[in-house]
Amino acid sequence: MDVLDRRLVAALQVSPRASWGEIGRAVGEHERTVARRLQRLLTDGVVRVTAIYDDLRTGHGRPVHLDVQVRPGCAAQVAKALADRPDTRSVYALTGVADLGCELVSPSREALHRILSAEISAIDGVSQTQTQVVLHTFRTVAEWHAPYLTDQEVAELQPAPPPEGLPDEEGLSPLEQEIAELLAADGRIAFTAVAERLNISVPTARRRVTSLIERRLLLPRAEVEPALLGLEVEAMLWLKVRPYGLDQVGQRLAGHPNVRYCAATSGTHSLIVQVVAAHEADLYRFMTGVVGSLDEVTDSDLTLITRAYKRGHLHKSGLLTLEKTP
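Predicted model, so just to flag it, every value in this text is computed and none were measured.

S.K.: Run through the side chain of Glu234, naming residues and quoting values.
M.R.: Assignment of secondary structure puts Glu234 in strand β7 (residues 233-241). Glu234 sits in the buried class, given a relative accessible area of 7%. Within the local environment of Glu234, its side chain forms a polar contact with the side chain of Arg311, the two groups lying 2.8 Å apart. Apart from residues lying up to four places away in sequence, Glu234 is in contact with Pro226, Arg260, Gln274, Val275, Val276, Thr303, Leu304, Ile305 and Arg311.

Following this line, the structure appears as structure tokens:
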């Protein structure tokens, strides 16, 4: 990608359902230029617009992070087995003690017990796992964008802030579930297409899609490998944080432009943070200047992501997404 491509992708990350004209006005480019460039990236599998659920609030399940150790030489086959599971959202190869990292959404505590005790352990090559259950999410990957836009450009594209006091669990109606499935398959699907597929009116489709997004039950996401955006260093950071400072630290880190994901979890470390940077030196400055300044943090464990096999339920082949937009 050249500089303009990266700026346009960043704009799409800020507002995945924005029209080409809206993106063009925000970044100062002609609509035809925006359409030609972004459509090429979408067609080639470089970028894919989808949508992810707020699992806890919709009642879809409980997100958990697994650290997986494998027998020597088995990492690729175990990663494929994990990525082929419909309940895994992301699968990564890691440096450090764990060979693989996996984000999995379990529909219930009972199902999680079965998945961990019988299914994951039965995968040939798995030698040990460690599980951390997500308790609260400060930032999802869907809310992150590459740092190539000015504050004014982001403000022009930024959706309205979420209302105060969102309920902990809301659930989806049968019609909303059908709409959500269409958006998960194609995050830019038109209101007219939603109406046609579900045999409802266009105003109803528009109102229901808008409601799902404004209530933050569904988060549109423009998926692209960070390395293609010039952010070639990707890390998973596990932090031990004093309980009284957990919320403050989580919110502060979630607001940093290099943080793609931040959540409080159970386990030996209370906070998981996914960080991207252009170079190892930038990651070092993040660790010393940002994390190092937080007195509430008592310990850290840093591992690098060396390859993604799956992100946001999308399978990866190198830097490209295998699933293309329908």
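Having seen the structure, we can now continue with the description.
S.K.: Mind laying out the state of the cysteines, listing which residues take part and the relevant values?
M.R.: Covalently bonding the sulfur atom of one cysteine to the sulfur atom of another cysteine gives a disulfide. Counted by the stated rule, this structure contains 0 disulfides. Counting only cysteine sulfurs, Cys74 is the nearest neighbor of Cys102, a cysteine outside any disulfide, at a range of 17 Å. The structure places no disulfide on Cys262, whose sulfur is separated from the nearest cysteine sulfur, that of Cys102, by 19 Å.

S.K.: Can you break down the UniProt feature "domain: Transcription regulator AsnC/Lrp ligand binding" (unreviewed entry) in the protein residue by residue, with the values?
M.R.: The feature "domain: Transcription regulator AsnC/Lrp ligand binding" (unreviewed entry), as given by UniProt, occupies residues 68-137 and 238-306 in the numbering adopted here. The span residues 68-137 is 30% helical and 41% strand by assignment, and the distance between its end C-alpha atoms comes to 22 Å. The annotated region residues 238-306 carries 29% helix and 41% strand content, and the separation between its end C-alpha atoms amounts to 17 Å.

S.K.: Quick one: what's the story with the UniProt feature "domain: HTH asnC-type" (unreviewed entry) in the protein, residue by residue and with numbers?
M.R.: In this numbering, the UniProt entry assigns the feature "domain: HTH asnC-type" (unreviewed entry) to residues 1-41 and 177-212. The straight-line gap between the two end C-alpha atoms of residues 1-41 is 9 Å; of that span, 76% is helix and 0% is strand. Counting secondary structure, residues 177-212 comes out at 78% helix and 0% strand; the distance between its end C-alpha atoms is 10 Å.

Here is what the cut-offs are and how they apply
Residues numbered from 1 in each chain as written. Predicted model: local features only at pLDDT ≥ 70, side-chain atom pairs only at ≥ 80, totals over all residues. Heavy atoms only, no water. Helix = DSSP H or I, 4+ residues; strand = E, 2+ residues; numbered from the N terminus. Buried < 20%, exposed > 50% of the residue type's maximum accessible area, 1.4 Å probe, protein only. Polar contact = N/O pair within 3.5 Å; in protein donor to acceptor, adjacent residues only side chain to side chain. Contact = heavy atoms within 4.5 Å. Disulfide = S-S within 2.5 Å. UniProt positions renumbered as here; feature names shortened; annotations may be inferred.

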